[in-house]
Amino acid sequence: YSKDKTLVMICVAVQRMVDELKIYRGDDIRITDDIIIHNPTLNDIVEIGEKKFLSFCQDFTAHHLDSPYIVLLTDLGVDFTTISDWDLFVCLSLVFDESICKFLFGNLDFKSMKPYVDGDIKGIRNKDGIVITPKIHAKMVGYIRKFANISTPQFQKILDNPTQKSMAINSARREIESARRREMFYPSGSALLPIISSVVNYAGCNYTNKTIFNMNLYAFWDTVKRIQAYDNASHLFSGIYSGCVDLSKNKKLKEELNWMRSFR
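Sequence positions are assigned chain by chain, starting from 1 and proceeding in written order. Residues qualify for local features only when their pLDDT is at least 70, as the model is predicted, and side-chain atom pairs are given and counted only at 80 or more; totals for whole chains, interfaces and linings, by contrast, use all residues. The basis for the side-chain values is all heavy atoms of the structure; hydrogens and waters are excluded.

### Comments concerning the overall build of the protein chain
Step number 1: Assigned secondary structure in the protein chain consists of twelve helices and five strands.
Step number 2: Across its three principal axes, the protein chain shows a C-alpha extent of roughly 65 × 45 × 45 Å.
Step number 3: The proportion of buried residues among the 264 residues of the protein chain is 38%.
Step number 4: Contacts spanning at least 24 positions in sequence make up 65% of the contacts within the protein chain whose residues lie at least 6 apart.
Step number 5: Accessible area of the protein chain: about 16100 Å², with a carbon and sulfur share of 54%. Secondary structure elements are defined from DSSP: runs of H or I of at least 4 residues count as helices, runs of E of at least 2 residues count as strands, and each element is numbered from the N terminus. Burial status follows relative accessibility: with a 1.4 Å probe on protein chains alone, a residue under 20% of its type maximum counts as buried, one over 50% as exposed, and anything between as partly exposed. Throughout, a residue-residue contact means that at least one pair of heavy atoms, one from each residue, lies within 4.5 Å. The Shrake-Rupley method, run with a 1.4 Å probe sphere, supplies the accessible areas, and residue values consider only the shown protein chains as cover.

Structure follows, in structure tokens:
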């Protein structure tokens, strides 16, 4: 448990160091001298395939207590309470989509990754000698979560006892089955289309259905959040002036009034 806790603390600390201004500007992301992550635009995602791209991001940032991975590990005969996010990444890295890897990481070869130990440095290394350690992995995950708008999981621990594990597995299976049935009867289609359309048709928006695709993904999601924050603040101001909203009874609303606040 102490090992897992230390790894979690490293992940959280590293992800807080993400340079959001550089991502917003559209810079590619230099993780190490050998690892650079391409900062994708909406055009890039359309060309490579939206569902394929988003699915890869979910796998790359996988958390061992996410329902799909609880089910996957259980079906493989692995006790999901004993595996870390790093362990999961090492396993999944061997089956990552090569076209997405090439698009995001250039010539970084994941399929040839093997365990690597050099003194206190432990990680995986590929045939080109490029090493990924848990700290480097946490940094990569932090950036991908930022530009793909994937929230950082609320780290929890399932107690290593049959009842807790059985409840978690059954809940995960129900969630997966419900998602499968929804997709069967009500195909989801594009996840980005309705959001892109909403931004384009928002009053005062300067983007058209052509120019918006030149935005990098992080800037796009920031625009979506900023629009929501602005509208929410405007409605709150109206409620305050009309006497329908009392800030003294809900002090958290004061933060909502600042639509230029930082999003975390």
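### Notes on the pattern of salt bridges
Step number 1: When a carboxyl oxygen of Asp or Glu lies within 4 Å of a side-chain nitrogen of Lys or Arg, that pair is called a salt bridge. Taken as a whole and judged by the stated rule, the model has nine salt bridges.
Step number 2: Between Asp128 and Lys127 there is a salt bridge whose closest N-O contact spans 3.5 Å.
Step number 3: The exposure class assigned to Lys127 is exposed, which follows from its relative accessible area of 62%.
Step number 4: Among the charged side chains, a network of salt bridges with common partners joins Glu177, Arg180 and Arg181.

### Describing the environment of Ser99
Step number 1: Mapping Ser99 onto the fold places it in helix α7 (residues 98–105).
Step number 2: With 68 residues separating them in the primary sequence, Ser99 and Met167 have C-alpha atoms 37 Å apart.
Step number 3: Those residues within four positions of Ser99 in sequence are excluded, and the remaining contacts are Ile48 and Lys52.
Step number 4: Only 3.3 Å separates the side chain of Ser99 from the side chain of Lys52, close enough to count as a polar contact.
Step number 5: Pairs of N or O atoms are called polar contacts if they sit within 3.5 Å, as long as, within protein, a hydrogen donor faces a hydrogen acceptor (for residues adjacent in sequence, only side-chain-to-side-chain pairs). Among the polar contacts made by the side chain of Ser99, one reaches the side chain of Asp97 at a distance of 2.4 Å.

### Here we look at the state of the cysteines
Step number 1: Here, the term disulfide refers to a pair of cysteine sulfur atoms separated by no more than 2.5 Å. If you walk through the whole model with that rule in mind, you get zero disulfides.
Step number 2: Not engaged in a disulfide, the cysteine Cys91 finds its nearest cysteine sulfur in Cys101; these two sulfurs lie 15 Å apart.
Step number 3: Cys101 carries a free sulfur, and the closest cysteine sulfur to it, the one in Cys57, is 11 Å from it.
Step number 4: A residue is classified by how much of its surface remains accessible, and Cys101, at 5% relative accessible area, is buried.

### Thoughts on the sheet that holds strand β3 (residues 114–118)
Step number 1: Taken in spatial order, the three strands make up an open sheet running β3-β4-β5, and their pairing is antiparallel. The sheet is open, and its two borders are formed by β3 and β5 (131–132), each paired with just one other strand.
Step number 2: By definition, two strands form a pair when at least two bridges between them are found by DSSP. Judged from the five bridges that link them, β3 and strand β4 (residues 121–125) form a sheet pairing that is antiparallel. Paired with Pro115 across the two strands is Ile124, which belongs to β4.
Step number 3: The angle between two axes is taken between their N-to-C directions and runs from 0 to 180 degrees, where each axis is a line fitted to C-alpha atoms and a helix contributes only its stretch in contact. This element, helix α6 (residues 85–92), spans β4 and β5 of the sheet and lies at about 25° to β4.

### Considering the environment of Ala229
Step number 1: Tracing the backbone shows Ala229 in helix α11 (residues 217–242).
Step number 2: Once the C-alpha coordinates of Ala229 and Lys249 are considered, the two residues, 20 residues apart in sequence, prove to be 21 Å apart.
Step number 3: With residues up to four places along the chain from it excluded, the contact list for Ala229 reads Glu256, Trp259, Arg261 and Phe263.

### Some points on the packing of helix α8 (residues 134–148) against α11
Geometry of a packed helix pair, given as the angle between the helix axes and the separation of the axes.
Step number 1: Here α8 crosses α11 at 50°, and the two axes come no closer than 7 Å. Classified by the interaxial angle, the pair formed by α8 and α11 is oblique. Residues Lys146, Phe147 and Ala148 of α8 form the contact with α11, whose participating residues are Leu217, Tyr218 and Trp221.
Step number 2: Classification convention: Asp, Glu, Lys, Arg as charged; Ala, Val, Leu, Ile, Met, Phe, Trp, Tyr, Cys, Pro as nonpolar; all other residues, Gly among them, as polar. When grouped by side-chain class, the residues that make up the contact of α8 with α11 number five nonpolar, no polar and one charged. Oblique is the label for every angle not falling under 35 degrees (roughly parallel), over 145 degrees (roughly antiparallel), or within 65 to 115 degrees (roughly perpendicular).

### Structural notes on the nonpolar core
Step number 1: Nonpolar cores are built from buried Ala, Val, Leu, Ile, Met, Phe, Trp, Tyr and Cys residues. Side-chain atoms within 4.5 Å join them into one set. Within the largest apolar cluster, 60 residues are counted, with the highest numbers of intra-cluster contacts made by Phe105, Phe110, Met140, Phe147 and Phe220.
Step number 2: When neighbours within four sequence positions are excluded, Phe110 is seen to be in contact with Phe60, Phe89, Ser93, Leu94, Phe96, Cys101, Phe105, Ile132 and Met140.

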